[in-house]
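Structural overview for review
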Amino acid sequence: MVRLAAVRPAVNAITSARAMSVRGMAKFAQYNWEDPLNMESLLTDEEKAIQETARDFAQTELMSRVTEGFRTEKYDPEIMKEMGKLGLLGPEIKGYGCAGASSVAYGLIAREVERVDSGYRSMMSVQSSLVMHPINEFGTEAQKEKYLPKLASGEWLGCFGLTEPNHGSDPAGMETTATKTPEGWELNGSKTWISNAPHADVFVIWARVVENGQKGKVRGFVLERGMEGLSTEKIAHKLALRASVTGSVFMDSVKVGEDALLPKSNGLGAPFSCLNSARYGISWGVMGALEDATARARAYALERKQFDRPLASFQLVQKKLVDASTASTLGLLGSYQLGRLKGEGNYCPDQISMMKRNNCGQALYHTRVLLDIFGGNACSDEYHVGRHEANLQVCNTYEGTYDIHGLILGKAMTGHQAFAN
Ligand code: TGC
Ligand code: FAD
């Protein structure tokens, strides 16, 4: 079901009519600084319609809330429900109330939402890639029917617990255990820096199983709020990603039946497969944040005058704008190609590491440089770019840091694994 496309007629999201210009004797396409290499022309009509739906929603419903959301660090449950209504949650899943859209469409949604704020994209990617994906991929039919429709509608909020206080980049060392009991499993341990956790209804928790006293593989479990021994705590006063709520999850002898186990998850490859999907989405999302920062810096530079000239007329300012625009244009095309390969099932995780690492690193670097164009106003949340910059530091860290993805790629290039003995 492609609900997204039905919401809006298939119209081009960005101005697609490309005027021609004449230079000397030659006819050229008109340069469009918002889409310099005409990525728009590579999208299907359905993808353009989905992009337009996501953009309209983000620019109206999210933009009007973001300053307050970032200032107060409060969760607004209506946001997920509104996303659900538009079919933006779990959009690649077929059935269970999901849109069944392409991988590129998923990327375009992330780009539009993160054009407003990385925190909103974070809430959404956790729900789609880290909660709905593992239930769809590793769950039973009963688990899918129970959880997916309510997660797709945004009625239920999900979170994904992999990181622990002592294990971030090395999840293989996790200390959370799921011990086999006659009735099912008993979970003990804690997770930290978990997006959505303080308000989550559904928890996808990764734990090392213990059977007959022997430690085994990492497997996934679906827990629900209200279970005895399960509690959460908000991590307050974050310096970034304040529009999304983050917390810790504590499991003190949480007893669950066999039906809480995701039966097809058997080893670290399962949580990593969720990360493949989320990292891919982040590679698109951060480009949306950089595009927004570039557009805002350009508008400011055209408006603001110093030395009787617009800032935009100074060479150093132009260079900052052009470098940022080049980075987002190339980053988006890289993610687009990755999306097509992913859609064909012809991709590998190392390619995702390349685009997650490159795009997060580039978005963070260029947003930091663009911020200088605002002078003292860089400090004001009215201009939004400082908020993007703070958020992008987190994007460059979660889902595998910039350096960890560098090491994954180093291993792919050389065959030598450099992150551990
Ligand atoms: P390694 O020995 O390399 O692999 C263990 C097993 O996993 C398989 N595997 C993958 N499978 C699918 N996709 C991938 N990307 C995979 N990467 C590895 C691998 O084949 C192996 O399978 P098997 O069957 O042989 O056992 O594992 P390692 O422990 O040496 O891993 C090292 C490293 C650095 C690559 C890995 O641990 C890593 O990626 N660390 C980063 C941790 C991370 O990304 N955490 C993210 C937490 S979630 C989060 O941040 C959400 S924020 C979301 C938001 O708010 O938007
Ligand atoms: P560490 O692993 O301690 O790394 C610290 C530094 O050391 C980094 O620069 C790293 O690159 C470097 N380093 C580590 N190992 C090596 C090595 N072998 N070689 C060279 N350098 C190395 N996790 C979840 O499970 N679910 C979530 O929903 C979630 N949401 C998050 C939301 C926010 C706002 C934040 C900040 C984090 C979130 N995380 C989540 C956790 C995130 O994935 C981790 O913070 C991240 O994986 C890094 O782990 P760490 O913080 O423990 O850093």
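Model, not experiment: these values are computed from the prediction.

At Asn 196, a position not held by glycine, the phi torsion is positive, near 75°. If you trace the backbone, Asn 196 turns up in the loop between strand S7 (184-195) and strand S8 (202-211). You can call Asn 196 buried: its relative accessible area is 2%. You will see that Glu 399, though not glycine, has its phi angle at about 60°, which is positive. Looking at where Glu 399 falls in the secondary structure, it is placed in the loop between helix H10 (385-395) and helix H11 (402-414).

Taking 1.5 Å of rise per residue, 35 residues should cover 51 Å, and helix H7 (residues 269-303) covers 51 Å from first to last C-alpha, within 8% of that figure. When you tally the buried positions in H7, you get 27 out of 35 residues, the bulk of the element.

With that settled, the discussion passes to the pattern of salt bridges. Following the criterion strictly, the structure yields 21 salt bridges and no others. With its nearest N and O atoms 2.6 Å apart, the salt bridge here joins Arg 387 to Asp 117. One end of the pair, Arg 387, is in helix H10; the other, Asp 117, is in the loop between helix H4 (103-116) and helix H5 (118-138), with 270 residues separating them in the sequence. Residues Arg 387 and Asp 117 agree in their burial class; the two are buried. A salt bridge links Lys 255 to Glu 186; the shortest N-O distance between them is 3.6 Å. Here Lys 255, found in strand S11 (residues 246-257), pairs with Glu 186, found in strand S7; they are 69 residues apart in sequence, far enough to count as distant. Judged by its relative accessible area of 59%, Lys 255 falls in the exposed class. Through salt bridges with shared partners, a single network forms among Arg 55, Arg 111, Glu 112, Arg 115 and Glu 291.

What follows covers the site of ligand 1. Ligand 1 sits among 26 residues. The nearest are Ser 122, Ser 195, Asn 276, Arg 279 and Gly 400. Asn 276 places a polar side-chain atom, nitrogen or oxygen, 2.8 Å from a nitrogen atom of ligand 1. One nitrogen or oxygen atom from the main chain of Gly 400 is found 2.9 Å from an oxygen atom belonging to ligand 1. In the complex, 69% of the free accessible area of ligand 1, which totals 1100 Å², lies under the protein chains. At the level of elements, H5, H7 and H11 are the ones that each hand at least two residues to the shell around ligand 1. Looking at the shell around ligand 1 residue by residue, the classes come out as 14 nonpolar, nine polar and three charged.

With respect to spatial proximity, 19 residues lie near ligand 2, and among them Phe 160, Thr 163, Ser 169, Trp 193 and Thr 401 are the closest. A distance of 2.9 Å is found between an oxygen atom of ligand 2 and a backbone nitrogen or oxygen belonging to Ser 195. Secondary-structure elements contributing two or more residues to the shell around ligand 2 are S7 and H11. Structurally, the shell around ligand 2 is a two-domain feature, drawing no fewer than three residues from each of domain 2 (159-266) and domain 3 (269-414).

Our focus in this paragraph is the UniProt feature "domain: Acyl-CoA oxidase/dehydrogenase middle" (unreviewed entry) in the protein. Within this structure's numbering, the places UniProt gives as "domain: Acyl-CoA oxidase/dehydrogenase middle" (unreviewed entry) are residues 159-254. Counted over residues 159-254, helix gives 0% and strand 56%. Its end C-alpha atoms are 17 Å apart.

Here Gly 184 shows up in strand S7. For the pair Gly 184 and Asp 259, spaced 75 residues apart in sequence, the C-alpha separation works out to 8.0 Å. Other than its neighbours up to four places away in sequence, Gly 184 contacts Thr 179, Val 256, Gly 257 and Glu 258.

What counts and how
Residues numbered from 1 in each chain as written. Chains lettered and ligands numbered in written order. Predicted model: local features only at pLDDT ≥ 70, side-chain atom pairs only at ≥ 80, totals over all residues. Heavy atoms only, no water. Helix = DSSP H or I, 4+ residues; strand = E, 2+ residues; numbered from the N terminus. Buried < 20%, exposed > 50% of the residue type's maximum accessible area, 1.4 Å probe, protein only. Expected span 1.5 Å × (residues − 1). Salt bridge = Lys/Arg side-chain N within 4 Å of Asp/Glu carboxyl O. Near = heavy atom within 4 Å. Polar contact = N/O pair within 3.5 Å; in protein donor to acceptor, adjacent residues only side chain to side chain. Areas by Shrake-Rupley, 256 points an atom, 1.4 Å probe, with all protein chains shown as cover. Nonpolar A, V, L, I, M, F, W, Y, C, P; charged D, E, K, R; others polar. Domains from an automatic or database assignment. UniProt positions renumbered as here; feature names shortened; annotations may be inferred. Contact = heavy atoms within 4.5 Å.

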